[in-house]
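Reading the structure
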Amino acid sequence: MKLQQLRYIVEVVNNDLNVSLTSEKLYTSQPGISKQIKLLEDELNVQIFTRVGKHLSEVTPVGEKIIALAREILTKSQDIKIIAKEFSQPNQGSLTITTTYTQARYTLPIVIQQFMQQYPSITLHMEQGSSPQCLLQAQTGQADFAIVTDLSELSDDMIAIPCYHWNQAVIVMKDHPLAKSSLITIEELSKYPLVSYDFSNDGSDLNQAFIKANQIPNIVFSTTDAELIKTYVKLGVGVGIVAKMAVNERSDSDFVVLNAGHIFPYSTTYIAFARSLFLRNYMYDFINQFSAHLNRQTVDRLILCENNVAVQAMFNGIKLPVR
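Worth saying up front: this structure is predicted, and the values here are computed from it rather than measured.

**A short note on the pattern of salt bridges**
Taken as a whole and assessed by the stated rule, the structure comprises six salt bridges. The shortest N-O distance in the salt bridge between E41 and R51 comes to 2.8 Å. Pair noted here: E41 is in helix α3 (residues 30-44) and R51 is in strand β1 (residues 49-52), with a separation of 10 residues, a long-range link. In this structure E41 comes out as buried when scored by relative accessible area, which is 5%. Linked by salt bridges that have partners in common, R105, E227, K230 and D252 make up one network.

See the structure below:
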């Protein structure tokens, strides 16, 4: 049995059993991958994949267990290299972060600037996507950290650590009727066309707030981009509901910003990563720079928690910063 064979079966699964696509990504030949998979199956005397003709059709039950263990072995073999590098080249390596637009645009720039000044030899990559996409990238090893708010797709083999809370704000132009309101209500918001984030998810905090109040929001434009929300508010399309952190007192002086903390529950931003990830020193430092309360000792204690319910329990009674 060879590590190369284990890598082939894992990558074939990652590419939806498409051997041709796998060969392209691994820069090797399709027949070579097929041959090595067959040799592994012959050695183990089991079928890892079922086949229709020459094509792989699905993973067998025993194949599921073999592939799960193969992932662990490949991760551990990579960890050996990382551990050695931690001692031989402590300040060299790479860090891949995947996150949503709001985090990438409004909270990460300063953190990344500080991190790059401290670790100029670290290659930093950033990917942007939805929370489920980010979590999947971290789970499969395509990214080290996922910085997200929505944990609905969090898997059991990942850990998610609370970093800070943030609130929504309502923004209107200075001549808008709501501009003079000292304390807006959700009933008032329901009377106006709204420009905001995606309401299509029934479980979203924004949507739930309207449902709870027996109100139907009039969403005329939705996007993940806070700057687009502000643009369309300026055009008079509607009242904006946007992350408060996305509003800058200087550059957004055209708006009247109304507090919406009493209408919409606060959201929490988490930093999530695979439990199998070997945290290098500079990764601990990045976490600490992103959230000052997460020092190395705290992170290590959280990693030892049995599950994410236990992780959240450790923050009971702890007041997280609000942005």
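Following the structure, the description resumes.
**So, the sheet that holds strand β5 (residues 145-148)**
One open sheet holds the five strands; their spatial order is β4-β3-β5-β12-β6, and the pairing between them is mixed. Either end of the sheet is taken by a strand with one partner, and the two such strands are β4 (122-128) and β6 (158-166). Ignoring which end each strand starts from, the neighbouring axes of this sheet average 20° apart. The strands that helix α7 (residues 131-139) touches are β3 (93-99), β4, β5, β6 and β12 (267-274); relative to β5, the one it contacts most, it runs at about 160°.

**A word on a nonpolar patch on the surface**
A surface patch of nonpolar side chains, amounting to about 240 Å² of accessible area, comprises L3, L69 and I73. A relative accessible area of 34% means that I73 is categorised as partly exposed.

**Quick look at the packing of aromatic side chains**
Aromatic ring pairs: the centre-centre distance and the angle between the two ring planes describe each pair. All chains considered together, the criterion is met by 11 aromatic pairs. Taking the centre distance of 6.3 Å and the plane angle of 85° together, the rings of Y101 and Y106 count as edge-to-face. These aromatic residues form a ring-pair network of at least three members: F115, Y119, F145, Y164, F273, Y282, F286 and F290. For R296, the ring lying beneath its charged end belongs to Y284, and the centroid distance is 4.0 Å. Taking NZ or CZ as reference, R323 lies 5.8 Å from the ring centre of F290, over its face.

**Topic: the sheet that holds strand β7 (residues 168-173)**
Read from one edge to the other, the open sheet built from five strands follows the order β9-β8-β10-β7-β11, with strand pairing classed as mixed. Edge positions in the sheet fall to β9 (218-222) and β11 (255-259), since each has one partner strand and no second. Strand-to-strand, the axes of this sheet are offset by a mean angle of 30°, without reference to chain direction. For β7 and strand β10 (residues 239-243), the ladder comprises four bridges, and the chain directions are antiparallel. Looking at β10, one finds that V170 is bridged to I241. Running over the sheet, helix α10 (residues 226-234) touches β7, β8 (193-196), β9, β10 and β11 and is turned about 160° from β10.

**With respect to unusual backbone geometry**
For D16, which is not a glycine, the phi torsion comes out positive at approximately 55°. Position of D16 among the secondary structure elements: in the loop between α1 (3-14) and α2 (19-26). A relative accessible area of 69% means that D16 is categorised as exposed. A positive phi angle, close to 55°, is found at Y27, a residue other than glycine. Judged by relative accessible area, which is 76%, Y27 ranks as exposed.

**Concerning the packing of α2 against α3**
Here α2 crosses α3 at 110°, and the two axes come no closer than 8 Å. Looking at the two axes, α2 sits roughly perpendicular to α3. Where α2 abuts α3, its residues V19, S20, T22, S23 and L26 lie against Q30, I33 and S34. Considering only residue class, the contact of α2 with α3 consists of three nonpolar, five polar and no charged.

**Re α2**
Along α2, the residues that are buried comprise V19, T22 and S23. In an axial view of α2, the angular spread of the buried residues amounts to 100°, which keeps them on one side of the axis. The exposed residues of α2 that point more than 90 degrees off its buried face are E24 and K25. Where α2 is buried, its residues touch α1, α3 and β2 (55-59). The backbone nitrogen of S20 lies 3.1 Å from a side-chain oxygen of the residue at the head of α2, namely N18.

**With respect to the state of the cysteines**
Taken as a whole, this structure holds zero disulfides when the rule is applied. Cysteine C305 is unpaired, with the sulfur of C163 as its nearest cysteine sulfur at 15 Å. On the basis of relative accessibility, which here comes to 11%, the residue C305 falls in the buried class.

**Notes on the nonpolar core**
For soluble globular proteins, the rule of thumb is that nonpolar side chains tend to be buried together. One finds L189 and F286 to be the most contacted residues of the largest nonpolar core, which totals 62 residues. Take this core: its biggest share by element is six residues, from helix α11 (residues 281-290). Not counting chain neighbours up to four residues away, the residues in contact with L189 comprise V170, L178, I184, L194, F210, V239, I263 and F264. Core analysis: the second largest hydrophobic core is formed by 18 residues, L6, I9, V19 and V59 among them.

Procedures and definitions
- Residues numbered from 1 in each chain as written.
- Predicted model: local features only at pLDDT ≥ 70, side-chain atom pairs only at ≥ 80, totals over all residues.
- Heavy atoms only, no water.
- Salt bridge = Lys/Arg side-chain N within 4 Å of Asp/Glu carboxyl O.
- Helix = DSSP H or I, 4+ residues; strand = E, 2+ residues; numbered from the N terminus.
- Buried < 20%, exposed > 50% of the residue type's maximum accessible area, 1.4 Å probe, protein only.
- Pairing = 2+ DSSP bridges.
- Axes fitted to C-alpha atoms, helices over the stretch in contact; angles between N-to-C directions.
- Contact = heavy atoms within 4.5 Å.
- Patch = residues over 30% accessible without salt bridge, like charges linked within 9 Å, V, L, I, M, F, W, Y side chains within 5 Å.
- Areas by Shrake-Rupley, 256 points an atom, 1.4 Å probe, with all protein chains shown as cover.
- Phe/Tyr/Trp six-rings, centres within 6.5 Å; stacked < 30°, edge-to-face > 60°.
- Lys NZ or Arg CZ within 6 Å of the ring centre and 35° of its normal.
- Parallel < 35°, antiparallel > 145°, perpendicular 65-115°, else oblique.
- Nonpolar A, V, L, I, M, F, W, Y, C, P; charged D, E, K, R; others polar.
- Arc of directions from axis to C-beta.
- Polar contact = N/O pair within 3.5 Å; in protein donor to acceptor, adjacent residues only side chain to side chain.
- Disulfide = S-S within 2.5 Å.
- Core = buried A, V, L, I, M, F, W, Y, C linked by side-chain atoms within 4.5 Å.

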